[in-house]
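For reference, the chains in residue letters:
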Amino acid sequence: MGVAAAIRNSDGAYLLHLRDDIDGICWPGHWSFLGGQLEPGETPYEAITRELHEEAGLTLPDLHPLATL
C-alpha cells in the first residue's frame, strides 16, 4: 500500500517533486505528489508523516485524509 500528500499553498499551487530518474522505481523522472510505501507495521498516517519528512524535511501536524482506496 502506498500514501501520497496533496499539499496546496495559499495561492492554490500544489507541492510536487521530481522523482529520481533511475530504474526500479515507480514513474522515474516524473513529477508527483510526495509519498511512498508503508513500512511493516506502519499506519498510513505514520507513513505519510515519515515520507514528508524524508523527502522534503516537512513536519505538518494538521494532516487530514482526503481519500482512501
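Residues numbered from 1 in each chain as written. Predicted model: local features only at pLDDT ≥ 70, side-chain atom pairs only at ≥ 80, totals over all residues. Heavy atoms only, no water.

## Considering the overall build of the protein
Piece 1. Along the backbone of the protein there are 1 helix and 4 strands.
Piece 2. On the principal axes, the C-alpha backbone points of the protein span a range of 35 × 35 × 25 Å.
Piece 3. Counting every position in the protein, which comprises 69 residues, the buried fraction comes to 20%.
Piece 4. For the protein, contacts bridging at least 24 residues in sequence account for 36% of all contacts bridging at least 6.
Piece 5. Carbon and sulfur atoms provide 58% of the accessible area of the protein, an area that totals close to 5,500 Å². (Helix = DSSP H or I, 4+ residues; strand = E, 2+ residues; numbered from the N terminus. Buried < 20%, exposed > 50% of the residue type's maximum accessible area, 1.4 Å probe, protein only. Contact = heavy atoms within 4.5 Å. Areas by Shrake-Rupley, 256 points an atom, 1.4 Å probe, with all protein chains shown as cover.)

## A closer look at the nonpolar core
Piece 1. Residues Val 3, Ala 5, Ile 7, Leu 34, Ala 47, Ile 48 and Leu 52 constitute the largest nonpolar core, which totals 7 residues.
Piece 2. For this core, the elements supplying multiple residues, two or more each, are β1 (2-5) and α1 (44-56).
Piece 3. The element best represented in this core is α1, accounting for 3 residues.
Piece 4. When near neighbours in sequence (up to four residues on either side) are disregarded, Leu 52 contacts Ala 5, Ile 7, Leu 34, Gly 57, Leu 58, Leu 60 and Leu 63. (Core = buried A, V, L, I, M, F, W, Y, C linked by side-chain atoms within 4.5 Å.)

## Comments concerning the pairing of β1
Piece 1. Only one face of β1 is covered, namely the face carrying Val 3 and Ala 5; the face carrying Gly 2 and Ala 4 is uncovered.
Piece 2. Sheet analysis places β1 next to strand β4 (residues 34-37), joined by 4 bridges and oriented antiparallel. Bridge assignment links Val 3 to a residue of β4, and that residue is Gly 36. (Pairing = 2+ DSSP bridges.)

## Quick notes on the environment of Glu 39
Piece 1. With respect to the secondary-structure elements, Glu 39 resides in the loop between β4 and α1.
Piece 2. Taking the C-alpha atoms as reference, Glu 39 lies 20 Å from Arg 19; in sequence the two are 20 residues apart.

## Regarding a nonpolar patch on the surface
Piece 1. Together, Tyr 14, Leu 16, Leu 18, Trp 31 and Phe 33 give the surface a local cluster of nonpolar side chains, amounting to about 550 Å² of exposed area.
Piece 2. Considering the arrangement of structural elements, one finds Leu 18 in strand β2 (residues 17-18).
Piece 3. Look at Leu 18 and you get partly exposed, because its relative accessible area is 45%. (Patch = residues over 30% accessible without salt bridge, like charges linked within 9 Å, V, L, I, M, F, W, Y side chains within 5 Å. Salt bridge = Lys/Arg side-chain N within 4 Å of Asp/Glu carboxyl O.)

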